[in-house]
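Breakdown of the fold
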Amino acid sequence: MNEEEVATCHCIIGHPHKAKFLAINHQTGWSVPTLKFTPGPTEFRAGMITQGMQHKYGLNTRVLRPLVSTPRYHCLELEVLKGSGNKNLNAVWVDREQYQKARNESNFSPDPFKQWLQEKEQGKVPASRPAWQIPGWFDQADHWIHFQAEKLGLQVTGSVQQYKTGWNASCLLYVPTSEGRLFFKAAYAKPPGEAALTVVLANKWPNFIVQPLVVDCERNWLLNRDWSQGSKVFPDASGLPEVAGAMATLQIGSMDCMDEWRALGCPVRDLDYLLKWMERKDALRPFLLEGPDQFNESEIKKFGLALDAHGDICRQLHEFGIPAALIHKDFRQANMVAHDGGVGVIDWSDVVIGHPFLVLEYFNSKRAKFHSGNTVVLPEDKFGEAIAQQINTSYLKGFLAFAPMERLEQAWALTRSLFPVWHVYAVQDEISWAEKNSPRYSVLAKQLKLNARKIIGIAEGSSQQDG
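Residues numbered from 1 in each chain as written. Predicted model: local features only at pLDDT ≥ 70, side-chain atom pairs only at ≥ 80, totals over all residues. Heavy atoms only, no water.

1. Quick notes on the sheet that holds strand E11 (residues 214-216)
Test applied: Whether two strands pair comes down to DSSP finding at least two bridges between them. Only DSSP runs of H or I with at least four residues qualify as helices, and only runs of E with at least two residues qualify as strands; both kinds are numbered from the N terminus onward. The convention used is that axes are lines fitted to C-alpha atoms, helices contributing only their stretch in contact, and that angles between N-to-C directions extend from 0 to 180 degrees. We call two residues in contact when some of their heavy atoms are within 4.5 Å.
With respect to topology, 5 strands assemble into an open sheet ordered E8-E9-E10-E12-E11, the strand pairing being antiparallel. In this open sheet, the two strands that pair with only one neighbour each are strand E8 (161-164) and E11. On average, adjacent strands in this sheet sit at an angle of 25 degrees to one another, irrespective of strand direction. As judged from the 3 bridges shared by E8 and strand E9 (residues 170-175), these two strands associate in the antiparallel manner. Bridge pairing in E9 links Gln162 to Leu173. Packing against the sheet, helix H5 (residues 194-204) makes contact with strand E10 (182-187), E11 and strand E12 (221-225), and its axis sits at approximately 50 degrees to E12.

Laid out in C-alpha cells, this is it:
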C-alpha cells in the first residue's frame, strides 16, 4: 500500500490495576502499539486488529472501544488477555507523568491518551458507556454463549470471536458450532429492550419476525443462528414490495396493542409529541452551539422559523386520522433475512410508537448495507424507480381501511416532507445515549447540525418559490 492509502491505528492497552498503558521501548524512546491498514471504519475489523496485534507484537487482545476514529487515524482501547505476552517484547508501562514528559502520541484535541489516563486515575466509567466496552465483559458473554449452546445440544467447535465492536448501540459476537455459527447480540440500554420486544413480536408475527434461539431480557442479550449460512441473506429487489406490504400488516396489527408496547418500553413519539418537540426550540440550542461547525444566532432563528413551517405540515398530517403504530427505525434490506421460506426482519432495537408512514421513508431513504467479511459494500443505487413505486404502492394498500389510495398518497407526501424534522429529532434522541467524548457522539452532533441546515434550506427554497 502507498502511504496515501494507509490509516494509522494507535492501540491503548491498559494495565489491569494501575493508570498506565502499554508501550514498546525503542533505542530512541517508546511508542504505543501501532497498526497500519486501509482507511475506513473499524467496527467490523476486530478480527483484523487482533490478528495484527498477535502477528506484530505477540499479544492476544480484544477490541473495547474507539477514542478517535477518522478515515486516516484511529485510536482504540484494547483489552489484553490474561497470560498473553511475548518474552522478546521490550515493553514498559507508561503513566501520565511519563507520557507528558516523553512525548505526545496524538495531535487530536482532546488528546485521547491524556483523556484515557485521567479517567483511569479517577476510577470512574461514564454511565453512558456500553458494558461491552469495559474490560472483563467479554468473559461473561463468552461463558453465557457456551452455556446456552450446550443447553441447545450444540457442540462449540471454536472460540467466541468479535464481529462488530466499538459501536455504542450494539455488540455482535459469533461462535462456530457443530450445526453452523451462532450470532450473539448485546443491545444497549435505550428502551425498548430489544430481547424482550423481539420475543413478543415473533410470537405475534412468526412469519415476519425472526425468533431468537435464546434471550436474556435483563441483560438485553440475544442468541441467533447465522442466517447467512445456506440461505440468501437479503431478498432480491423484486421481493421488496411484498416485504413492505408485510410491514404494513404488522403495523396495523400493532395498533390494537398499544398498552403492551408501552409496557415493553416503546416510547410514544406520535404527531402530538413531535409538535410539542418542535415547540421546544431551546432544547436543541446546546447541540447547535457546540463544535467547530456550530450555528450562529441567525441560523438558530432561521431554524426556529423552519420548525414552525414544519409544524403546519405535522398538523395537516394529523387531520388524516391514521393511528400511531410501531416504527422500525432501521427498516432496510440489511435487516432482512431468509426465514422459513419467506423474509424475516431483524434488529428491533430503538422501536418507537409514531406515525406508521415514517417507516416507509426509512425504507426509501437508507442505502442497503451488505457486509462481506470485514468490508462494507454500498451499492451504487438503492433500487430502481419502478421497484420503489411498487414498494410504496404495496405498503400503502395495507392502509386502505383508513382512506382511499389518493388520500393515502397525500398523507405519504406530507410524511416525506416532515421526515427531515423527524430525522433531527431522532438524532437528538440518539445522541443523548452516546458517550460525550466518543466518536459516535461527534458523528451524531455533526449529523444533527447538517440536517438542521438542510431544513433551513428547504424552508428558504419553499419561501422563494412562494415569492
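Here the narrative resumes, following the displayed structure.
2. Describing helix H3 (residues 112-122)
Our working rule: Three labels apply to residues, based on accessible area from a 1.4 Å probe with only protein chains included: buried if under 20% of the type maximum, exposed if over 50%, partly exposed otherwise in between. Starting at the helix axis, one direction is taken to each C-beta atom, and the arc is that of these directions. Under this definition, polar contacts are N or O atom pairs within 3.5 Å; protein pairs additionally need one hydrogen-donor-capable and one acceptor-capable atom, and for neighbouring residues in sequence, both atoms have to be side-chain atoms.
Looking at H3, one finds that the buried residues are Pro112, Phe113, Trp116, Leu117 and Glu119. End-on, the buried residues of H3 take up no more than an arc of 160 degrees, which puts them together on one face. Contacts made by the buried residues of H3 are with strand E1 (7-13), strand E2 (21-26), strand E5 (61-69), strand E6 (73-80), strand E7 (91-94) and helix H2 (96-102). Two or three places before Phe113, at the opening of H3, Asp111 has a side-chain oxygen 3.0 Å from that residue's backbone nitrogen. Note on H3: the residue one or two positions beyond its end, Gly123, has a positive phi of about 70 degrees.

3. Examining the packing of helix H8 (residues 271-279) against helix H13 (residues 405-431)
Cut-off, in case you're wondering: For classification, angles of less than 35 degrees are called roughly parallel, those exceeding 145 degrees roughly antiparallel, those between 65 and 115 degrees roughly perpendicular, and all remaining angles oblique. Polarity classes work like this: nonpolar for Ala, Val, Leu, Ile, Met, Phe, Trp, Tyr, Cys and Pro, charged for Asp, Glu, Lys and Arg, and polar for all others, with Gly in that last group.
Between H8 and H13, the shortest axis-to-axis distance is 11 Å and the interhelical angle comes to 75 degrees. Put simply, H8 runs roughly perpendicular to H13. Each of Leu271, Tyr273, Leu274, Trp277 and Met278 in H8 lies in contact with H13, whose residues at this interface are Leu418, Val421, Trp422, Val424, Tyr425 and Gln428. Residue composition of the contact of H8 with H13, by class: 10 nonpolar, 1 polar and no charged.

4. What about the confidence of the model for the protein chain?
Where the model shows low pLDDT, its predicted coordinates should not be examined in detail. Operational definition: Every residue is assigned a pLDDT by the predictor, reflecting its confidence on a scale from 0 to 100.
In this model, the protein chain carries a mean pLDDT of 88, and residues with pLDDT of at least 70 account for 89%. Under a pLDDT of 50 for its full length, residues 367-381 has, in the predicted model, 28 contacts with residues more than four places off or in other chains.

5. A look at unusual backbone geometry
With an omega of 0 degrees, the peptide bond running from Pro191 to Pro192 counts as cis. Considering the arrangement of structural elements, one finds Pro192 in the loop between E10 and H5. At Asp347, a residue that is not glycine, the phi angle is positive and equals roughly 65 degrees. Its place among the elements puts Asp347 in the loop between strand E15 (342-345) and strand E16 (352-354). Here the phi dihedral of Asp350 falls at roughly 65 degrees; this positive angle occurs in a residue that is not glycine. Structurally, Asp350 can be placed in the loop between E15 and E16. Relative accessible area serves as the criterion here: at 13%, Asp350 is assigned to the buried category.

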